[in-house]
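What the coordinates show
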Amino acid sequence: MVVLVMAGALHAEPVCQPCHARQSRQHAASPHAAALYPAALHPLRAQFGKAADLRRGSGYLFRFDFTGPGGKVRATDSKDVMELPLEWAFGSGQQAVTFVTRVNQEFYVEHYGSYYPALQGFGPTPGQDVLQPDSLARAAGVLYPLRDPQSGIDGCFGCHSTGPVQFAFDGQVQLGQPGVQCLACHSDTTAHVAQPDQHRPGNPGKLSAAGLNDFCGRCHRPPASAGTKPDWNYAWNVRHQPLYLAESRCFVKSKGKLSCLTCHDPHQAVAKQPASSYNQKCEGCHPQTKPVCRQQSPANCIDCHMPAVTPQSPLRFSNHWIGVYGDGAKLKPLR
Ligand code: HEC
Ligand code: HEC
Ligand code: HEC
Ligand code: HEC
Ligand code: HEC
Ligand code: HEC
Ligand code: HEC
């Protein structure tokens, strides 16, 4: 495996750190910073190596091995054995880690096995369990061409790294920085670093609520464009927060006062905020201390009005279409 970035340069923006210590410290511990690693350097590496083998149907078996300098997976069926290195690890491990490896100058493979910290083990990569492989090579994962607007591996690298995504002649990817780092959200920083008072960098905090839906939606997927009709029954769509928030009456009727930044500090991990902390955000606009709906129950507002959806266990996304939900119907509010 070729590691294209120096370990010391990973997940840090040493240039900004001296003047913006708080943002740098918070961001360094956030899933954004850790959205992509060379697999051998992933913080959960030690856990990958301890996990049990993964079976696919009755025919295929995968053994993940991190005893050497890099990770590898050994795939077997009744006839054949195949060994592939595990090159890149997508996902901080907040929810899942998916492995991707260059196959040749034209293709990458997204491996069948992803690591799920909640299971302390491997399970099928999202979207792959429904496929019916007819050979060991196909069972090992899904092939992606280098570049394609719909299904290129450049898309994966683009949303999980910072700076341009390029490929060498042999297909090796060349990234600015792995992970979503400062410069993914703050532009024009060179002049700012030289003369902070004279030149201000791009700050998405100055965008409107709708502008933030589009800005964050570059990676988190934007609101539906006019004329298109998303499939609200497709549970995987719930992971696209701007798409859902834009449908909510809270968003539509609050005339630009509700944005991603109302509830999230973009530098900080969500896990740092207890579920009860959102009550205060809701109550900023719904000031009754005891809303009619809550009198009977000590639960948090988000438990009922932003329910968690599980498209595939154990993944979990909060429905950002804030609304009134029927019993057990978490994909779309009643009204
Ligand atoms: C030499 C010190 C220094 C360095 C280095 C520096 N900044 Fe700043 N930055 C400042 C100062 C001073 C301000 C203004 C702070 C204020 O208004 O409270 C600022 C403001 C900002 C703002 C807010 C801009 C606005 O208009 O709201 C952002 C965003 C920012 N910096 C990002 C960065 C990033 C990203 C880096 C690294 C690439 C960086 N800064 C490097 C000193 C620095
Ligand atoms: C360059 C792509 C990109 C942009 C731009 C981006 N994000 Fe993200 N974001 C990601 C990725 C990738 C993850 C998943 C990180 C992981 O767990 O691997 C993520 C995760 C998150 C999380 C979950 C963090 C957690 O603690 O679990 C939040 C919240 C979030 N982003 C909010 C935002 C907001 C708000 C904006 C806009 C200000 C934004 N993001 C812009 C790519 C992006
Ligand atoms: C359009 C931008 C975009 C593309 C393309 C993209 N991702 Fe992501 N990815 C995200 C964002 C945003 C998140 C955070 C989702 C969330 O937690 O809401 C994420 C999360 C993840 C996670 C963490 C687990 C999870 O599902 O939240 C993994 C693993 C992952 N992506 C792998 C990949 C792989 C592999 C590819 C290519 C096959 C890919 N991603 C393509 C934006 C993207
Ligand atoms: C996912 C996008 C994203 C990333 C990555 C990101 N920022 Fe920000 N940053 C924002 C947004 C959005 C705001 C506006 C926050 C607000 O107004 O509430 C902001 C605001 C700031 C500010 C102004 C003061 C403040 O906190 O509001 C500074 C300084 C800053 N960022 C520095 C950094 C540095 C340094 C890094 C890297 C260590 C970084 N940011 C990474 C999105 C991001
Ligand atoms: C920036 C202000 C704002 C914030 C923050 C906000 N809302 Fe709202 N919300 C509104 C407005 C405005 C309406 C529409 C009221 C109307 O139609 O009269 C609304 C409507 C609603 C409705 C009725 C939805 C429907 O479709 O009938 C519910 C339920 C609700 N909000 C719950 C919440 C919860 C829970 C939170 C916190 C997670 C929250 N809101 C945060 C402004 C906000
Ligand atoms: C009204 C408050 C609110 C707003 C506005 C909001 N979020 Fe969230 N977000 C939450 C809550 C609550 C969670 C779940 C927190 C938890 O599980 O502890 C969450 C979780 C997330 C996650 C983690 C994955 C998931 O879906 O659970 C991402 C990514 C995210 N938000 C992105 C965004 C983006 C991007 C925006 C703007 C389009 C946004 N959020 C606007 C409240 C909000
Ligand atoms: C146990 C579930 C539950 C919890 C917790 C909960 N709600 Fe509700 N909420 C509901 C239901 C159900 C309705 C619809 C009530 C109706 O139509 O009579 C509702 C209605 C609402 C409405 C719309 C009222 C209207 O007149 O249309 C708002 C606003 C609202 N809730 C805000 C909140 C806020 C803010 C919190 C947290 C402080 C909260 N809710 C906690 C279940 C809940």
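Described in the following lines is the structure provided in the data block. Nothing here was measured: the structure is a model prediction, and the numbers come from that model.

What follows is about the overall build of the chain. In terms of regular secondary structure, the chain is built from 12 helices and 16 strands. Relative to the compact-globule value of 20 Å for 335 residues, the chain shows a C-alpha radius of gyration of 22 Å, a close match. Summarising its shape, the C-alpha atoms of the chain cover approximately 65 × 55 × 40 Å along the three principal directions. Expressed as a percentage of its 335 residues, the buried residues of the chain come to 39%. Sequence separation of at least 24 residues holds for 49% of the intrachain contacts in the chain that already meet a minimum separation of 6.

Now for the pattern of salt bridges. When the charged atoms of two side chains lie near each other, side chains of opposite charge can form a pair. Taken as a whole and judged by the stated rule, the model has 4 salt bridges. A salt bridge links arginine 22 to aspartate 265; the nearest nitrogen and oxygen atoms lie 3.8 Å apart. You can see arginine 22 sitting in helix H1 (residues 21-28) and its partner aspartate 265 sitting in the loop between helix H10 (260-263) and helix H11 (277-285), a full 243 residues away along the chain. For aspartate 265, a relative accessible area of 27% corresponds to the partly exposed category. Between arginine 63 and aspartate 53 there is a salt bridge whose closest N-O contact spans 2.6 Å. Here aspartate 53 lies in the loop between helix H2 (45-50) and strand S2 (54-56) and arginine 63 lies in strand S3 (residues 60-65), a separation of 10 residues in the sequence.

Evaluation of the coordinates by the stated rule reveals 1 cavity of 30 Å³ or more. By volume, the largest cavity is sized at about 40 Å³. Every residue along the wall of the largest cavity is listed here: Phe62, Phe64, Val73, Ala75, His111, Tyr112, Gly113 and Ala140. Looking at the lining of the largest cavity, its residues break down into 6 nonpolar, 2 polar and no charged.

The immediate surroundings of ligand 1 are formed by 15 residues, with Cys16, Cys19, His20, His192 and Lys206 found nearest. A distance of 2.4 Å separates an oxygen atom of ligand 1 from a polar atom in the side chain of lysine 206. Considering every element that reaches the shell around ligand 1, the biggest residue donor is helix H6 (residues 189-194), with 3 residues. For the shell around ligand 1, a count of residues per class yields 7 nonpolar, 5 polar and 3 charged.

So, about the coordination of the iron atom of ligand 4. Every protein donor of the iron atom of ligand 4 is accounted for by His186 (NE2) and His267 (NE2), and the metal-donor separations fall at 2.0 to 2.1 Å. Here the iron atom of ligand 4 is ringed by 6 donor atoms whose angles at the metal span 89 to 180°, and the overall shape comes out octahedral. Highlighted residues: histidine 186 in the loop between helix H5 (182-185) and H6 and histidine 267 in the loop between H10 and H11, separated in sequence by 81 residues. On the accessibility criterion, histidine 186 (24% relative accessible area) is partly exposed.

Relative to the helices and strands, cysteine 182 resides in helix H5. When the C-alpha positions of cysteine 182 and histidine 27 are compared, they lie 8.3 Å apart, and in sequence the two are 155 residues distant. Setting aside residues no more than four positions away along its own chain, cysteine 182 makes contact with Glu13, Cys16 and His27.

This part takes up the nonpolar core. Ranked by internal contacts, the top residues of the largest apolar core, which has 23 residues, are Phe48, Phe62, Phe99 and Phe122. Within the residue set of this core, elements represented by two or more residues are S3, strand S4 (71-76), strand S5 (81-86), strand S7 (97-102), strand S8 (107-116) and helix H3 (136-139). The residues touching phenylalanine 48, leaving out its near neighbours within four places in the chain, are Ala39, His42, Phe66, Val97, Phe99, Tyr115 and Phe122.

Below, the discussion takes up the environment of proline 124. By secondary structure assignment, the location of proline 124 is in strand S9 (residues 121-124). The sequence separation of proline 124 and tryptophan 236 amounts to 112 residues, and the corresponding C-alpha distance is 15 Å. Residues in contact with proline 124, not counting those within four places in the same chain, are Tyr112, Tyr116, Asp129 and Gln312.

This paragraph deals with the packing of aromatic side chains. Tallied over the entire structure, the rule returns 15 aromatic pairs. Consider the rings of phenylalanine 90 and phenylalanine 157, whose centres lie 5.2 Å apart with planes at 55°: the pair is tilted. Taken as a pair, phenylalanine 90 in strand S6 (residues 88-90) and phenylalanine 157 in helix H4 (residues 153-160) lie far apart in primary sequence, 67 residues in all. Phenylalanine 90 gets classed as buried once you look at its relative accessible area, which sits at 7%.

This part covers the coordination of the iron atom of ligand 2. For the iron atom of ligand 2, the full set of protein donor atoms is His32 (NE2) and His220 (NE2), at a range of 2.0 Å. Geometry at the iron atom of ligand 2 is octahedral, judged from its 6 donor atoms and the angles of 86 to 180° they form at the metal. With histidine 32 in the loop between H1 and strand S1 (36-38) and histidine 220 in helix H7 (residues 209-220), this pair connects stretches of sequence that are 188 residues apart.

What counts as what
Residues numbered from 1 in each chain as written. Chains lettered and ligands numbered in written order. Predicted model: local features only at pLDDT ≥ 70, side-chain atom pairs only at ≥ 80, totals over all residues. Heavy atoms only, no water. Helix = DSSP H or I, 4+ residues; strand = E, 2+ residues; numbered from the N terminus. Rg over C-alpha atoms; globule rule 2.2 N^0.38 Å. Buried < 20%, exposed > 50% of the residue type's maximum accessible area, 1.4 Å probe, protein only. Contact = heavy atoms within 4.5 Å. Salt bridge = Lys/Arg side-chain N within 4 Å of Asp/Glu carboxyl O. 1 Å grid on protein atoms, 1.4 Å probe; cavity = no way out; pocket = protein on both sides within 12 Å on 5 of 7 lines; lining within 4 Å. Points joined across faces, edges and corners; volume = space filled by probe spheres on them. Nonpolar A, V, L, I, M, F, W, Y, C, P; charged D, E, K, R; others polar. Near = heavy atom within 4 Å. Polar contact = N/O pair within 3.5 Å; in protein donor to acceptor, adjacent residues only side chain to side chain. Donors = N, O, S within 2.8 Å, 3.2 Å for Na, K, Ca; no water. Tetrahedral: all angles 85-135°; square planar, octahedral: opposite > 155°, others 65-115°. Core = buried A, V, L, I, M, F, W, Y, C linked by side-chain atoms within 4.5 Å. Phe/Tyr/Trp six-rings, centres within 6.5 Å; stacked < 30°, edge-to-face > 60°.

Limitation: the analysis is restricted to geometry and does not speak to function.
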